[in-house]
Amino acid sequence: MTKIIKIDKENIDEALIIEMSHIIKNNGTVVFPTETVYGLGANALSDVAVAKIFAAKGRPSDNPLIVHVSNIEQLDKIVEIIPVKAKILMDKFWPGPLTLLFKKKAIISDLITGGLDTVAVRMPSSRIALKLIEACDLPLAGPSANISGKPSPTTAEHVIKDLDGRVDAIIDGGDCEFGMESTVIDVLNETPMILRPGSITLEAIAQTINTVIYDPAMIHDTLIAKSPGQKYIHYAPKGEVYLYIGVPSDIIDAINQATARFINESKKVMILGTEENIMAYKEGIIFNLGSRTNPMEISSNLFSMLRKADELKADIILAEGIDEEGLGVAIMNRLRKASGGRIINCGELI
Ligand code: AMP
Ligand code: MG
């Protein structure tokens, strides 16, 4: 039985937080809201607890988990050193959606790190998350609270759909502010590298530590990604996702043609378009992702809309690509993964 409770982030009920912390301290699993997406939390220092996360999600064991802390003492207990560049980034972006790699101490088991000698850690800014971690007085392992391969959950309803009956408790804390996962960065080498694009942009990081690059594997499919999770198909609804990239006017034409063709084959078609182009689509179930000039809006809508595709039992999802800069890089990374490689180039602009 999964216990589902509501906590108002503006008026946090401390007694409920304590109740949830007891579940974690007893090595149970509690889903909690963060500013990025919902996290599936468990005691990061217990293999029994961590194993429950992998089982609940059906997550491959080589895909390591992010550990969440609420203060620096908790970080000191699990990592060997805090490099200077990490300290600079933590000062600027913590609490918030930036996850950093550190050399792990032995107290963090191979189960969490998938056998790697580094551990990924972040301090969330969500007040409910911080209070829960504080009450547990433990670092919490907390991957996104979805069944592996599905879009990350940005509302409690999404979590309940995936994990009701598979976890001990779910805290409904309302909608997540960003709706996009944290950025994962490795500052342990000479050149800091973004392993997973996310809510904090490369541009914002570059203002703080100058040199930072994306993992080349993000662009070249032939390279092996340094973040094991990046190699999996992910964020995918049941229907087939096609991602259209290139010149917007050509994208519109191509999507309209494909829609007509699929409808002709009696397929249910969903279109994920941007606000600027939404009126140009002729058939299908049309959804507005948000404005091209406001990627934050698109990022907060994206996972909800990918999940809508399942609710509507869409066979085909045709998605409009956006510019790959700033937050657009993370959005396109998720769409590329959701498409499983069904990417259509339209015109020159790619
Ligand atoms: P999620 O838990 O769903 O937010 O995904 C966490 C992401 O962080 C996955 O892509 C993991 O592969 C990545 N990650 C976690 N720990 C490490 C690590 N030690 N080294 C590289 N990537 C990591
Ligand atoms: Mg995830």
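To start, this report covers the structure provided alongside it. (Residues numbered from 1 in each chain as written. Chains lettered and ligands numbered in written order. Predicted model: local features only at pLDDT ≥ 70, side-chain atom pairs only at ≥ 80, totals over all residues. Heavy atoms only, no water.)

A word on the overall build of the chain
A tally of helices and strands in the chain yields eleven helices and 16 strands. Taking all 350 residues of the chain together, 57% fall into the buried category. If you take every contact in the chain between residues at least 6 apart in sequence, the share linking residues at least 24 apart comes to 67%. Entry remark: accessible area of the chain is about 14,700 Å², with carbon and sulfur atoms responsible for 53%. Here the chain carries 36 positive and 45 negative side-chain charges, and the mean point of each set is 4 Å from the other. (Helix = DSSP H or I, 4+ residues; strand = E, 2+ residues; numbered from the N terminus. Buried < 20%, exposed > 50% of the residue type's maximum accessible area, 1.4 Å probe, protein only. Contact = heavy atoms within 4.5 Å. Areas by Shrake-Rupley, 256 points an atom, 1.4 Å probe, with all protein chains shown as cover. Lys, Arg positive; Asp, Glu negative; His and termini not counted. Charge placed at Lys NZ, Arg CZ, Asp CG, Glu CD.)

Describing the pattern of salt bridges
The tally for this structure, following the rule as stated, stands at 13 salt bridges. A salt bridge links Glu19 to Lys3; the shortest N-O distance between them is 2.7 Å. With Glu19 in helix α1 (residues 14–25) and Lys3 in strand β1 (residues 3–6), this residue pair connects regions lying 16 residues apart in the sequence. Residue Glu19 is classed as partly exposed on the basis of its relative accessible area, which comes to 29%. Judged by relative accessible area, which is 40%, Lys3 ranks as partly exposed. (Salt bridge = Lys/Arg side-chain N within 4 Å of Asp/Glu carboxyl O.)

Some details on the site of ligand 1
Taken together, 18 residues lie near ligand 1, and Asn63, Thr118, Ser144, Ser227 and Gly229 sit nearest. One of the side-chain N or O atoms of Ser144 is found 3.0 Å from an oxygen atom in ligand 1. Between an oxygen atom of ligand 1 and a side-chain N or O atom of Ser227, the distance comes to 2.9 Å. At the level of secondary structure, the elements contributing two or more residues to the shell around ligand 1 comprise β6 (118–122) and β10 (193–196). Each residue belonging to the shell around ligand 1 can be placed in one class, and the counts come to ten nonpolar, five polar and three charged. (Near = heavy atom within 4 Å. Polar contact = N/O pair within 3.5 Å; in protein donor to acceptor, adjacent residues only side chain to side chain. Nonpolar A, V, L, I, M, F, W, Y, C, P; charged D, E, K, R; others polar.)

Observations concerning helix α9 (residues 248–264)
The periodicity of an α-helix, 3.6 residues per turn, causes residues three or four places apart in sequence to face the same way. When the terminal C-alpha atoms of α9 are compared, their 24 Å separation across 17 residues agrees well with the 24 Å that a helix rising 1.5 Å per residue should span. Turning to α9, its buried residues are Ile251, Ile252, Ala254, Ile255, Asn256, Ala258, Thr259 and Phe262. Where α9 is buried, its residues contact β12 (240–246), β13 (269–273), β15 (316–320) and β16 (343–346). Positive phi shows up at Ser266, right after α9, with a value of about 65 degrees. (Expected span 1.5 Å × (residues − 1).)

Thoughts on the pairing of strand β9 (residues 183–186)
Of the two faces of β9, the one carrying Thr183 and Ile185 and the one carrying Val184 and Asp186 are both buried. The pairing of strand β5 (residues 98–103) with β9 spans three bridges and is classified as parallel. By the bridge assignment for β9, Leu100 is matched with Ile185. With three bridges joining them, β9 and β10 adopt antiparallel strand pairing. Bridging across to β10, Val184 finds its partner in Arg196. (Pairing = 2+ DSSP bridges.)

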